[in-house]
Amino acid sequence: MKVNIVDATLREGKQSLQRTLSNKEILNLAEKIISLGVDQLEVGHASISKNEVRVLRAIKSNFPDTPLMTHSRAFVHDVTQAIEANVDWIGIFISTNDYARFRITNFSVEKAIECVSKSIELAKANNLKVRFTIEDSSRTDPDLLLRMYRNAIRLGADRICLADTLGILEPKDVEKTIRLLKANYANIPLEVHFHNDRGLAMANTLQAIESGAEWISTSVNGIGERSGITDTCLLLANLHYKKIRPLTGKINLKEVSDFVAHITQLPIDAHRPVVGKKAFLHVADLHVKAMKKNKASYNWINPEVLGQQTECIQKLPPIKPSDLVCKPQLTSDIILRHINNNRDNKYAMFDKTQMPDIAINCEIETIPFVFNPEKQFKFLSPQNKDAYIIFAGKAEHLEGLSCEIMLDGEVFLLESPFSVFVPYGVECGYRILSGAGICIRNNVMNEYNAHSIKKPEVIRINTAD
Ligand code: HCA
Ligand code: CU
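Below is a short write-up of the structure. Nothing here was measured: the structure is a model prediction, and the numbers come from that model. (Residues numbered from 1 in each chain as written. Chains lettered and ligands numbered in written order. Predicted model: local features only at pLDDT ≥ 70, side-chain atom pairs only at ≥ 80, totals over all residues. Heavy atoms only, no water.)

**A word on the overall build of the protein chain**
Then step 1. Along the backbone of the protein chain there are 14 helices and 20 strands.
Then step 2. Counting the 465 residues in the protein chain, one finds 49% classified as buried.
Then step 3. Once local pairs closer than 6 in sequence are excluded, the contacts in the protein chain between residues at least 24 apart make up 71%.
Then step 4. Taken as a whole, the protein chain presents about 23400 Å² of accessible surface, with 54% of it coming from carbon and sulfur. (Helix = DSSP H or I, 4+ residues; strand = E, 2+ residues; numbered from the N terminus. Buried < 20%, exposed > 50% of the residue type's maximum accessible area, 1.4 Å probe, protein only. Contact = heavy atoms within 4.5 Å. Areas by Shrake-Rupley, 256 points an atom, 1.4 Å probe, with all protein chains shown as cover.)

**Describing the nonpolar core**
Then step 1. The biggest cluster of nonpolar side chains holds 85 residues, and the ones touching the most others in it are L36, L41, I59, F132, M148, Y149 and L253.
Then step 2. Not counting the four nearest positions on each side in its chain, F132 is found in contact with I92, I94, V116, I120, M148, Y149, A152, A157, R159, I160 and C161.
Then step 3. If you look at the next biggest cluster of nonpolar residues, it comprises 17 residues, including I405, F418, C428 and Y430. (Core = buried A, V, L, I, M, F, W, Y, C linked by side-chain atoms within 4.5 Å.)

**Some remarks on the sheet that holds strand β1 (residues 4-7)**
Then step 1. On the basis of which strands lie adjacent, the closed barrel formed by eight strands has the order β1-β2-β3-β4-β5-β6-β7-β8 and parallel pairing. Adjacent strand axes in the sheet meet at a mean angle of 25 degrees, parallel and antiparallel pairs treated alike.
Then step 2. Bridge count for strand β2 (residues 40-45) against strand β3 (residues 68-73) is three bridges, and the pairing is parallel. Along β3, the bridge assignment pairs H45 with H71.
Then step 3. Most of the contacts of helix α4 (residues 76-84) go to β3, to which it runs at about 160 degrees, and overall it touches β3 and β4 (89-94).
Then step 4. Contacts between helix α8 (residues 171-184) and the sheet are confined to β6 (159-164) and β7 (190-194), with β7 contributing the most and set at about 155 degrees to the helix. (Pairing = 2+ DSSP bridges. Axes fitted to C-alpha atoms, helices over the stretch in contact; angles between N-to-C directions.)

**Notes on the site of ligand 1**
Then step 1. Lining the immediate environment of ligand 1, one finds 13 residues, of which E12, Q15, H71, T133 and T165 sit closest.
Then step 2. Here an oxygen atom of ligand 1 and a side-chain polar atom of E12 are 2.8 Å apart.
Then step 3. Of all the secondary structure elements, the ones that give two or more residues to the shell around ligand 1 are α1 (9-15), β5 (129-134) and β6.
Then step 4. With three residues, α1 is the largest single contributor of residues to the shell around ligand 1.
Then step 5. Of the residues belonging to the shell around ligand 1, the class tally is three nonpolar, six polar and four charged. (Near = heavy atom within 4 Å. Polar contact = N/O pair within 3.5 Å; in protein donor to acceptor, adjacent residues only side chain to side chain. Nonpolar A, V, L, I, M, F, W, Y, C, P; charged D, E, K, R; others polar.)

**Brief notes about helix α7 (residues 142-154)**
Then step 1. Compared with the 18 Å implied by 1.5 Å per residue over 13 residues, the 18 Å span of α7 between its first and last C-alpha is a close match.
Then step 2. Where α7 is buried, its residues contact β4, α5 (98-103), α6 (109-125), β5, β6 and α8.
Then step 3. Two residues or fewer past α7, G156 is found with a positive phi of approximately 105 degrees. (Expected span 1.5 Å × (residues − 1).)

**With respect to the pairing of β1**
Then step 1. Going residue by residue along β1, you find N4 and V6 tucked away on one face and I5 and D7 tucked away on the opposite face as well.
Then step 2. Pairing of β1 with strand β8 (residues 215-218) involves four bridges; the strand directions are parallel. By the bridge assignment for β8, I5 is matched with I216.
Then step 3. Where β1 meets β2, two bridges bridge the pair, whose relative direction is parallel. Pairing of D7 across the sheet is with L41, part of β2.

Don't take any of this as a statement about function, it's just geometry.
Written out as structure tokens, the structure reads:
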């Protein structure tokens, strides 16, 4: 049984983000996702802008070996843009149930069939492979579902897709529907797209595979509308466990999940299965003792296969208010070495809170009077975390400091007080034009300065076979 994965992080996931991704971020994400060995990449909607077409073309030319699909409404305009985008596949979708009737004026099934037919014909005439989806399949009358698929297959659709758009199905419903589809259309590959609104996306996916679906639509970290869809990394781990699709040494699920979480600014829960920080962390005394004797005691899989490690810790005592209030320490020389251009008037302060996720390190720089504008920008050393910088002048109301800030190549003239948020990976520099004051830089997140926080001791257990 071959299970194929079409990763839709850059379609379903991307459309659900609250921030538009840059082209560079999309290309970086595409590269990481392809490293998982997925069989197809589904990216955006070619029809939304000229830039979307540009990004699709760039992905195709950078990663020519990965079949590329774009999403498309059943409109000739959308299909034309997909042709323009040089993709291999087009994912044409339409909704035909009662909810669509309420939404779309003058809706009729005949009109829907006409739109679909024209779209598929145009796509096929331009050598595109076609996936045809009925949106909200689970709330569509089965006879209508079959009728719509039949029409698409007759016109040359290469794959049909069942979309549980609201995540309402249960595994037994999945089995029943797939049995119906396979009884009618045994020869056309079937894809399933499960939303996770009831937390059943993975269970439904495994049932769909059991029932004969050949293609699974997924996204890294499950990102998508609302509670998202089937998670690519979790599915890969499950398929490895079931010996259906073994993971190779080159695939690092944890790394790809972390990368996607970072770029999309959608952090995952520590206890998320497979890729979460705590997925292989053992705490209870009995568990830790057992793990030391036999690494399989409480691990369901060798975590190294997933890019993870087994960890054991000893619990800390409860947090007291006195742990949270602290007079930050000025750093020692050792910590200062971690800070860029170690100048006399620069200090770092580390909080000592016990709560790992709110660790902050803070650098303070006093800015002595500048009468003539500084000639050069001082660039902040790149760090793997976001930073938040406040500039305050010595004059009344923190005014009196004039600066130029360079952020990702753009220069801004700013008067104090002001702040700059520097996302991870973005280059930032500043140049004082006049005045005196202070620059306070808070580095958010805990990874880099983890050594400064009181944390439970982690014992790593080597689980390599
Ligand atoms: C959407 C809906 C969709 C489409 C799935 C597909 C769904 O976001 O436009 O075309 O295969 O869940 O129905 O994601
Ligand atoms: Cu969806």
